[in-house]
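Listed here are the chains, written in short residue letters.
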Amino acid sequence: MFGPNFTEDDNRVYAQFIRNVLRGEDIVMKSTGEQFRSWCYVVDCVSAILHILLKGEKGQAYNVADNESNISIKELAETIAEIGHQKVVIDLPTETEKLGFNVVKKSIFSTQKLEGLGWHTIEGSIKNNLKKTIDELSTRNKK
């Protein structure tokens, strides 16, 4: 899940990348960014949860994600950098730095059960939602 409400010490990759562009900094990646992840804009996430509460089956588990937003970390970085008019720089990690990395290459959720309930995203593409997030944070920072 992503959106404009995260703290300064939030170390999720999207939050780090957005903080970089808001500071006018290039995004420095410590990997080649080949890992795939599922993302979902906060508004779509809330919509999905409400949909599950109204139409889901008791005792069932449902994954919440946006299938159109299953992208690599590199694609995420490039999209955020493009929105923020910055560059992506790859600075491969040392062996010691690698020890703290998540080794999972592909972590995407099947939303088949959720979609079977009739749910679909309402907020648009990941690029547009990242732009909304950056614009909101940029406006807050100016106040």
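Residues numbered from 1 in each chain as written. Predicted model: local features only at pLDDT ≥ 70, side-chain atom pairs only at ≥ 80, totals over all residues. Heavy atoms only, no water.

## Looking at the overall build of the protein
Helix and strand content of the protein: six helices and five strands. Traced from its N-terminal end to its C-terminal end, the protein shows the element sequence α-β-β-α-β-α-β-α-β-α-α. For the protein, the spread of C-alpha atoms along the principal axes amounts to about 45 × 40 × 25 Å. In the protein, once contacts between residues fewer than 6 apart in sequence are set aside, the share between residues at least 24 apart is 84%. Positive and negative side-chain charges in the protein, numbering 19 and 20 respectively, have mean positions lying 2 Å apart. (Helix = DSSP H or I, 4+ residues; strand = E, 2+ residues; numbered from the N terminus. Contact = heavy atoms within 4.5 Å. Lys, Arg positive; Asp, Glu negative; His and termini not counted. Charge placed at Lys NZ, Arg CZ, Asp CG, Glu CD.)

## Points about the packing of helix 1 (residues 13-22) against helix 3 (residues 73-83)
Between helix 1 and helix 3, the shortest axis-to-axis distance is 10 Å and the interhelical angle comes to 25°. Taken together, the axes of helix 1 and helix 3 lie roughly parallel to each other. Here helix 1 runs over helix 3; the crossing is right-handed. Only Ile73, Leu76, Ala77, Ile80 and Ala81 of helix 3 make contact with helix 1, whose side of the interface consists of Val13, Tyr14, Phe17, Ile18 and Val21. Residues of the contact of helix 1 with helix 3, tallied by class, amount to ten nonpolar, no polar and no charged. (Axes fitted to C-alpha atoms, helices over the stretch in contact; angles between N-to-C directions. Parallel < 35°, antiparallel > 145°, perpendicular 65-115°, else oblique. Left-handed = near helix turned anticlockwise from the far one by under 90°. Nonpolar A, V, L, I, M, F, W, Y, C, P; charged D, E, K, R; others polar.)

## Some points on the sheet that holds strand 3 (residues 71-72)
Hydrogen bonds along the backbone pair up the strands of a sheet, which may run parallel or antiparallel. If you trace the three strands from one edge of the open sheet to the other, you get 3-2-5, paired in mixed fashion. Looking at strand neighbours, the two that pair on one side only are strand 3 and strand 5 (106-107), the edges of this open sheet. Bridge count for strand 2 (residues 36-37) against strand 3 is two bridges, and the pairing is antiparallel. Counted as the bridge partner of Arg37 is Ile71 from strand 3. (Pairing = 2+ DSSP bridges.)

## So, the side chain of Asp44
Considering the arrangement of structural elements, one finds Asp44 in helix 2 (residues 42-55). Summary of buried charges: Asp44 has no salt-bridge partner, and the nearest side chain of opposite charge, Lys132, is 7.2 Å away. (Buried < 20%, exposed > 50% of the residue type's maximum accessible area, 1.4 Å probe, protein only. Salt bridge = Lys/Arg side-chain N within 4 Å of Asp/Glu carboxyl O.)

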